[in-house]
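So the chains spell out like this:
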Amino acid sequence: MAGPRSEDLPTVGECPEMGQLRDWVTGNDESRYDFQAAGTLRLDVTHSNLVQRWHDIIFDVNMTVSAVKDKLYRHGGTPAKHQELYLRRGGGDTIFLMDASKTLGYYGARNGMEIHIKDTDEFSISKHGGLEDVSQVEKYVMDDDHYDKLTNTVRACKRREQEQRARAEAARRAAGGEALAEAQAEEEEEEPLEAVLERIPLGSRCQVEPGSRRGEVAFVGKVAGAKRGAWVGVCLDEPQGNNDGTGKDGARYFDCPGPKYGCFAKPENVTVGDFPVLDPFASDDEF
């Protein structure tokens, strides 16, 4: 489907939206100078060699053209002797501010008008974008060797971060290696189950640490879900344990009178010997 033709579209004057936009932009034009100090002017300034435009620069109506040139030197960088000033009064009305001793008021300057600076210096630095085109400025480039020696640069910061990560990774690997070595050492030093049974026979009286808890050896062997090696299951005389002979996997390894009468301990924490059942009502002389 073909779109609308350009001749069918409304002109700028016929478009209500454009009228609304114009009214909004110019809405405060009538009052923009209401609070301006008496005897002052707000003029725009343009320059023959510069793209930029200075808006609403404040001048005194009694300033001479010579004083205006001195003021504009600080804006455009053109010395007063190389300035030709033109007052653009609107509607194509432009006059040359020829007499440096005359004032802006003499030439009919009013708020909103424009002063145009013509730079007559053949060797002006502002020519050909000399003050605005940054591509003409020679860039300072630091060689990599010098840059690498600096400590407060982005590259130095990234280098320190990489070194920190490398040290952390090395420490992590070292910690993992130590843990593996410890596990291997434990595995190598693991006492054979037959030797544990010979040293801690089933049914023998024993004392379990910590707590000097007394009881009877009821199990010697592997326990699922626990560390490697042999474990000793003890049926305690008193409810000082943490299970009833059942392991973490739910399997029963030995029988107990009730909850907390059973515990699992490593062989090095179990001492076999003459450990009779303690009578809590006996006197201290009987122990």
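In the block above lies the structure referred to throughout.
Residues numbered from 1 in each chain as written. Predicted model: local features only at pLDDT ≥ 70, side-chain atom pairs only at ≥ 80, totals over all residues. Heavy atoms only, no water.

Draft legend 1. Summary view of the overall build of the protein chain. Counting secondary structure elements, the protein chain contains 5 helices and 10 strands. Intrachain contacts of the protein chain at a sequence separation of at least 6 include 48% that bridge at least 24 residues. (Helix = DSSP H or I, 4+ residues; strand = E, 2+ residues; numbered from the N terminus. Contact = heavy atoms within 4.5 Å.)

Draft legend 2. Inspection of the sheet that holds strand S6 (residues 205-208) at higher detail. The strand order across the open sheet formed by 5 strands is S9-S8-S7-S6-S10, and the pairing between neighbours is antiparallel. In the strand order of this sheet, the two ends are held by strand S9 (262-265) and strand S10 (270-272), each with one partner. Across this sheet, the average inter-strand angle for adjacent strands is 45 degrees, counted without regard to direction. Direction of pairing for strand S7 (residues 213-221) relative to strand S8 (residues 231-236): antiparallel, over a ladder of 6 bridges. Its bridge partner lying in S8, Phe219 is registered against Gly233. (Pairing = 2+ DSSP bridges. Axes fitted to C-alpha atoms, helices over the stretch in contact; angles between N-to-C directions.)

Draft legend 3. Representation of the pattern of salt bridges within the structure. Per the stated rule, a full pass over the model turns up 12 salt bridges. In this structure, the salt-bridge partner of Glu114 is Arg53, at a minimum N-O distance of 2.8 Å. With Glu114 in strand S5 (residues 114-119) and Arg53 in the loop between strand S1 (40-47) and strand S2 (54-60), this residue pair connects regions lying 61 residues apart in the sequence. In this structure, Arg88 and Glu114 form a salt bridge, with 2.6 Å as the shortest nitrogen-oxygen distance. Here the residue Arg88 occupies a position in strand S3 (residues 83-88), and Glu114 occupies one in strand S5, the gap between them amounting to 26 residues. Given the relative accessible area of 35%, Arg88 is considered partly exposed. Owing to a relative accessible area of 10%, Glu114 belongs among the buried residues under this scheme. Residues participating in the shared-partner salt-bridge network are Asp44, Arg53, Arg88 and Glu114. (Salt bridge = Lys/Arg side-chain N within 4 Å of Asp/Glu carboxyl O. Buried < 20%, exposed > 50% of the residue type's maximum accessible area, 1.4 Å probe, protein only.)

Draft legend 4. A nonpolar patch on the surface, seen in detail. A surface patch of nonpolar side chains, amounting to about 460 Å² of accessible area, comprises Met18, Leu21, Trp24 and Val25. For Trp24, the position within the fold is in helix H1 (residues 16-25). (Patch = residues over 30% accessible without salt bridge, like charges linked within 9 Å, V, L, I, M, F, W, Y side chains within 5 Å. Areas by Shrake-Rupley, 256 points an atom, 1.4 Å probe, with all protein chains shown as cover.)

Draft legend 5. The packing of aromatic side chains, seen in detail. The final tally for this structure, using the stated rule, is 6 aromatic pairs. When the centroid spacing of 5.7 Å and the interplanar angle of 90 degrees are considered together, the rings of Tyr253 and Phe264 count as edge-to-face. Of the two residues, Tyr253 is situated in the loop between S8 and S9 and Phe264 in strand S9; the sequence distance between them amounts to 11 residues. Aromatic ring contacts, followed pair by pair, group Phe219, Tyr253, Phe254 and Phe264 into a single cluster. (Phe/Tyr/Trp six-rings, centres within 6.5 Å; stacked < 30°, edge-to-face > 60°.)

Draft legend 6. Molecular detail of the side chain of Ser126. By the element assignment, Ser126 lies in the loop between S5 and helix H3 (144-149). Engagement of the side chain of Ser126 in a polar contact is seen with the side chain of Asn49, the distance being 3.1 Å. Engagement of the side chain of Ser126 in a polar contact is seen with the side chain of Ser124, the distance being 2.8 Å. With residues near it in sequence (within four places) discarded, Ser126 still touches His47, Asn49, Leu50, Asp119 and Leu131. (Polar contact = N/O pair within 3.5 Å; in protein donor to acceptor, adjacent residues only side chain to side chain.)

Draft legend 7. Broad picture of the sheet that holds S3. Strand order in this open sheet of 5 strands is S2-S1-S5-S3-S4, and the pairing throughout is mixed. Single-partner strands in this sheet number two, and they are S2 and strand S4 (94-96). When strand polarity is set aside, the average angle formed by the axes of neighbouring strands in this sheet is 35 degrees. Pairing of S1 with S5, which is carried by 4 bridges, proceeds in the parallel orientation. Bridging from a neighbouring strand, Thr46 pairs with His116 of S5. Across the sheet, helix H2 (residues 65-76) is in contact with S1, S2, S3 and S5; its angle to S2 comes to roughly 145 degrees.

Draft legend 8. Local environment of the nonpolar core. Formed by 21 residues in total, the largest nonpolar core has its most connected members in Phe59, Leu104 and Ile115. Looking at this core, the elements that each hand over two or more residues are S1, S2, H2, S3 and S5. Those residues within four positions of Phe59 in sequence are excluded, and the remaining contacts are Gly39, Thr40, Leu41, Leu43, Val45, Val68, Lys71, Leu72, Leu104 and Ile115. Counting residues in each nonpolar core, the second largest holds 13 residues, with Val208, Val217, Val232 and Val270 among its members. (Core = buried A, V, L, I, M, F, W, Y, C linked by side-chain atoms within 4.5 Å.)

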